[in-house]
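Working through the structure, step by step
Each chain, letter by letter, is given below.
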Amino acid sequence: MDLKLYYQKIRDTESKIPDGFPLVISQQTDDGGKGGRCAEVTRAVAAKLITEGTARLATAEETKTYREDTAAAKKQADDASEAGKLQITVVPTAELARLAGGKKDKA
């Protein structure tokens, strides 16, 4: 294997990738790699994976779907996190009486 040629192919592939953090889709490989897995990686890593044939760039539609799903999952996680929080306000008795109109029932 000619290392100069290998790294030149990686640099060429990297120069053709428009995004800073492209989405790549894994390819099924003979050594057990599973196909169809999405990953957002740096341009250099994407170029290496594409050159080695273990991944391909995602299409615009796949990228849009991935980003929408990721945003929805983050919103759901944020909502679940907020639901788990309990907010308590401690109010002194005098302040509570003032807020209630200053009237106290005498029993």
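Above this text is the structure in question.
Below: a short report on this structure. Remember, it's a predicted structure, so these values are computed and weren't measured experimentally.

**A short note on the side chain of Thr63**
Note on placement: Thr63 falls in helix 3 (residues 60-83). Assessed through its relative accessible area of 18%, Thr63 is described here as buried. With sequence-adjacent residues up to four places away left out, Thr63 is seen in contact with Leu23 and Ala58.

**A look at the nonpolar core**
Core analysis: the largest hydrophobic core is formed by eight residues, namely Tyr6, Ile10, Ile17, Val24, Val41, Ala46, Ala47 and Ala55. Contributing elements (two or more residues each) for this core: helix 1 (3-16) and helix 2 (43-52). Those residues within four positions of Ala55 in sequence are excluded, and the remaining contacts are Val24, Ile25, Ser26, Gln27, Leu49 and Ile50.

**Observations concerning the packing of aromatic side chains**
Scanning the model with the defined rule gives one aromatic pair in all. Plain terms: the ring middles of Tyr6 and Tyr7 are 5.0 Å apart, the flat faces sit at 75° to each other, and that makes the pair edge-to-face. Residue class for Tyr6 comes out buried when judged on its relative accessible area of 14%.

**Concerning the packing of helix 1 against helix 2**
Helix 2 packs onto helix 1 with a crossing angle of 120° between their chain directions and a minimal axis gap of 8 Å. The pairing of helix 1 with helix 2 is recorded here as oblique in orientation. In the crossing of helix 1 with helix 2, the sense of the turn from one axis to the other is right-handed. Along its contact with helix 1, which presents Tyr6, Lys9, Ile10, Thr13 and Glu14, the element helix 2 presents Arg43, Ala44, Ala47, Lys48, Ile50, Thr51 and Glu52.

**Thoughts on a nonpolar patch on the surface**
Side chains of Met1, Leu3 and Tyr7 sit close together on the surface and give an oily, nonpolar patch of about 400 Å² of accessible area. Tracing the chain through its elements places Met1 in the segment before helix 1. Look at Met1 and you get exposed, because its relative accessible area is 82%.

**Some words on the pairing of strand 1 (residues 23-26)**
On a regular strand, one side chain projects to one face of the sheet and the next to the other, so that they alternate. Neither face of strand 1 is open: one carries Leu23 and Ile25, the other Val24 and Ser26, and all of them are buried. With three bridges joining them, strand 1 and strand 3 (residues 55-57) adopt antiparallel strand pairing. By the bridge assignment for strand 3, Val24 is matched with Leu57.

**Comments concerning the pattern of salt bridges**
As enumerated under the stated definition, the model contains seven salt bridges in all. Between Lys75 and Asp79 there is a salt bridge, and its shortest N-O distance comes to 3.2 Å. With Lys75 and Asp79 both in helix 3 and four residues apart, this pair spans about one turn of that helix. Overall, the relative accessible area of 41% leaves Asp79 in the partly exposed class.

Definitions and limits used
- Residues numbered from 1 in each chain as written.
- Predicted model: local features only at pLDDT ≥ 70, side-chain atom pairs only at ≥ 80, totals over all residues.
- Heavy atoms only, no water.
- Helix = DSSP H or I, 4+ residues; strand = E, 2+ residues; numbered from the N terminus.
- Buried < 20%, exposed > 50% of the residue type's maximum accessible area, 1.4 Å probe, protein only.
- Contact = heavy atoms within 4.5 Å.
- Core = buried A, V, L, I, M, F, W, Y, C linked by side-chain atoms within 4.5 Å.
- Phe/Tyr/Trp six-rings, centres within 6.5 Å; stacked < 30°, edge-to-face > 60°.
- Axes fitted to C-alpha atoms, helices over the stretch in contact; angles between N-to-C directions.
- Parallel < 35°, antiparallel > 145°, perpendicular 65-115°, else oblique.
- Left-handed = near helix turned anticlockwise from the far one by under 90°.
- Patch = residues over 30% accessible without salt bridge, like charges linked within 9 Å, V, L, I, M, F, W, Y side chains within 5 Å.
- Areas by Shrake-Rupley, 256 points an atom, 1.4 Å probe, with all protein chains shown as cover.
- Salt bridge = Lys/Arg side-chain N within 4 Å of Asp/Glu carboxyl O.
- Pairing = 2+ DSSP bridges.

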